[in-house]
Amino acid sequence: MKRHLDSETYYSATKKYDLSFPRLTDDIEADVVIIGGGFTGVNTALELAEKGFTNTVILEGRYLGYGGTGRNGGQIMAGLGHDLDTVKKHVGPEGLQELFKIGNLGAAIIKERAEKYDIKADFRHGYAYLGSNPRQEKTLRAWEKEFKSVSSDTEIELLTGSDVKSVVGSDAYSCALKHMGAGHVHSLNLLLGEAKAVTELYGVKIYENSMVISVEYGDTVTVRTPTGSVKAKKLLWACNGFLEGMEPELHKKTINTHAFQMATEPLSDELIEQISPIRGAYSDIRPVIDYYRVTNENRLLFGAATRAIENIPNDLKAWNRDQMLKIFPYLDKVKVDYAWGGPLCVSASLFPQMGTLKNHDNVFYVQGYSGFGVTPSHIICKVLAEGMTERTERYDLISGIPHVTIHGKDYIAPALLTGGKMWHQISGYWNGRR
């Protein structure tokens, strides 16, 4: 998969910030050391800095945004990701309602942050969840009520039949839940803008090309790279799909699958209007979703993953194009300029994992966004910063959710992922997702 990770993406080709940070070459001290330079690492550092805790060091093994942050769909969705049904037995009715309220914070956090720090991230409102049969329409009707219960002043509307065309220009769907509080963003520019703010305004130190080679726990944590070290009072593991076994307790709780994206050439205004009358972002609600959006440059970004058998297509442009044409067959003459993909970290419950390591209360972690990382990472990191500094009820709520061990992942990962996808496809009939 590295052949795709290292290829140019739409995001790297259109980034507006030319940032680079040095390699760690000294032995230094900090209050907090963070391993990972994606949304989780940078956002947590920024949340801490806004609370007055600025003596933080971020260590990134490659460069900021190398992982999922720099190659995702850019969707700003409502909620914390997938259905909350998988965790409701652990939190109870009141906890479930609180999670739903927390999940509604994401778009506002991202928008406010972009405005506060003047981040050029192309933030735009407009989203639609899409369905293609009566079962999915029933699910979307339930979502409409839930979304309206926490966003009564937001334009949220379920459309059916020919009215769907007022939201998305495709015959593939029979219903659409329009949510104008959600939207989309240039995720790499958002990350780089946040990194610029946290370093230039708050003095947080970021080191790139500083791969961690060892970690020693204790009242003071020591993190070593090939050319330096950081001693800190607290540590945050923020590696997600790139943990690569460095922390065994975390390694066994997630598994990596793969997702793939493409970006078309710039399209005419008329074609963009046909594709997306709301100039928005979209996802269907199947167990393995298609997701796409239009950009400020009039491109269509389209993402998907294999639905049953876990595999990596040999020709990403051709594979992604085929998926796009199933939804928009009238784009058959459109050129694909970029195609890319990579691993994403999945938990058994498809819910983000957050907490501290057993017997190490000063070692925190976040992982397992399960493909829904842009918005949840901004929510989770706000809650995490609360937990790292003062402890709050919502931190205790999320960190108290148990995390299931995924047995055999180091030996039969493709088989486990294939089995998981097939199970979710079958169960989708029962829960209104297929």
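Refer to the structure presented above.
Please read all numbers here as calculations on a predicted model, not as lab measurements.

Looking at the sheet that holds strand E13 (residues 254-264)
Item 1. If you walk across this open sheet you meet the eight strands as E6-E7-E5-E14-E15-E16-E13-E17, and the pairing is mixed. In this open sheet, the two edge strands, each paired with only one partner strand, are strand E6 (156-160) and strand E17 (336-347). Going from strand to strand, the sheet's axes swing by 20 degrees on average, the running direction of each strand aside.
Item 2. Relative to strand E15 (residues 291-294), strand E14 (residues 281-284) runs antiparallel, the two sharing three bridges. Note that in E15 the partner of alanine 281 across the bridge is arginine 293.

Description of the pattern of salt bridges
Item 1. Evaluation of the coordinates by the stated rule reveals 26 salt bridges.
Item 2. Note that lysine 382 is salt-bridged to glutamate 47, the shortest N-O span being 3.3 Å. Taken together, the positions of lysine 382 in helix H11 (residues 374-389) and glutamate 47 in helix H3 (residues 39-50) put the pair 335 residues apart, joining distant regions of the chain.
Item 3. Residue class for lysine 382 comes out partly exposed when judged on its relative accessible area of 23%.
Item 4. We classify glutamate 47 as buried; its relative accessible area is 3%.
Item 5. Ionic pairing is found between lysine 148 and glutamate 144, a salt bridge with its closest N-O pair at 3.2 Å. Of the two residues, lysine 148 and glutamate 144 both sit in helix H6 (residues 134-150), four residues apart, roughly one turn of that helix.
Item 6. The exposure class of glutamate 144 is buried, given its relative accessible area of 15%.
Item 7. A cluster of three or more residues bridged by salt bridges with shared partners is formed by Glu47, Glu50, Arg113, Lys116, Glu194 and Lys382.

Let's talk about the environment of asparagine 298
Item 1. Structurally, asparagine 298 can be placed in the loop between E15 and strand E16 (300-304).
Item 2. Along the backbone, asparagine 298 and glutamate 265 are 33 residues apart, and their C-alpha atoms lie at a distance of 8.2 Å.
Item 3. What asparagine 298 contacts, discounting residues up to four positions off in sequence, is Glu265, Pro266, Leu267, Ser268, Asp269, Ile272 and Arg279.

Side note on the side chain of threonine 257
Item 1. With respect to the helices and strands, threonine 257 occurs in strand E13.
Item 2. In terms of polar contacts, threonine 257 uses its side chain to reach the side chain of glutamate 310, at 2.8 Å.
Item 3. Dropping the residues within four chain positions of it, threonine 257 is found in contact with Glu310, Gly342, Pro343, Leu344, Val346, Leu417 and Lys421.

Looking at the packing of helix H4 (residues 88-103) against H6
Item 1. For the pair H4 and H6, the least separation of the axes is 10 Å and the interaxial angle reads 75 degrees. Relative to H6, the element H4 lies roughly perpendicular. Between H4 and H6, the residues in contact are Gln97, Phe100 and Lys101 and Glu146, Phe147, Ser149 and Val150, respectively.
Item 2. The residue inventory of the contact of H4 with H6, partitioned by class, reads three nonpolar, two polar and two charged.

A short note on the packing of aromatic side chains
Any two aromatic rings considered together are summarised by their centre-to-centre distance and by the angle between their planes.
Item 1. Inspection of every chain in the model, using the stated rule, returns 16 aromatic pairs.
Item 2. On the numbers, 6.4 Å between centres and 75 degrees between planes, the contact of tyrosine 117 with tyrosine 202 is edge-to-face. A residue pair is termed long-range when its members are at least 10 positions apart, and tyrosine 117 in the loop between helix H5 (106-116) and strand E4 (124-125) and tyrosine 202 in the loop between helix H7 (187-200) and strand E9 (205-207) qualify at 85 residues.
Item 3. Judged by relative accessible area, tyrosine 202 falls into the partly exposed class, the value being 23%.
Item 4. Seen from their ring centres, tyrosine 292 and phenylalanine 328 are 5.3 Å apart, and the 85 degrees between their planes marks the pair as edge-to-face. Of the two residues, tyrosine 292 sits in strand E15 while phenylalanine 328 sits in the loop between helix H10 (316-327) and E17, which places them 36 residues apart along the sequence.

Conventions and cut-offs
- Residues numbered from 1 in each chain as written.
- Predicted model: local features only at pLDDT ≥ 70, side-chain atom pairs only at ≥ 80, totals over all residues.
- Heavy atoms only, no water.
- Pairing = 2+ DSSP bridges.
- Helix = DSSP H or I, 4+ residues; strand = E, 2+ residues; numbered from the N terminus.
- Axes fitted to C-alpha atoms, helices over the stretch in contact; angles between N-to-C directions.
- Salt bridge = Lys/Arg side-chain N within 4 Å of Asp/Glu carboxyl O.
- Buried < 20%, exposed > 50% of the residue type's maximum accessible area, 1.4 Å probe, protein only.
- Contact = heavy atoms within 4.5 Å.
- Polar contact = N/O pair within 3.5 Å; in protein donor to acceptor, adjacent residues only side chain to side chain.
- Parallel < 35°, antiparallel > 145°, perpendicular 65-115°, else oblique.
- Nonpolar A, V, L, I, M, F, W, Y, C, P; charged D, E, K, R; others polar.
- Phe/Tyr/Trp six-rings, centres within 6.5 Å; stacked < 30°, edge-to-face > 60°.

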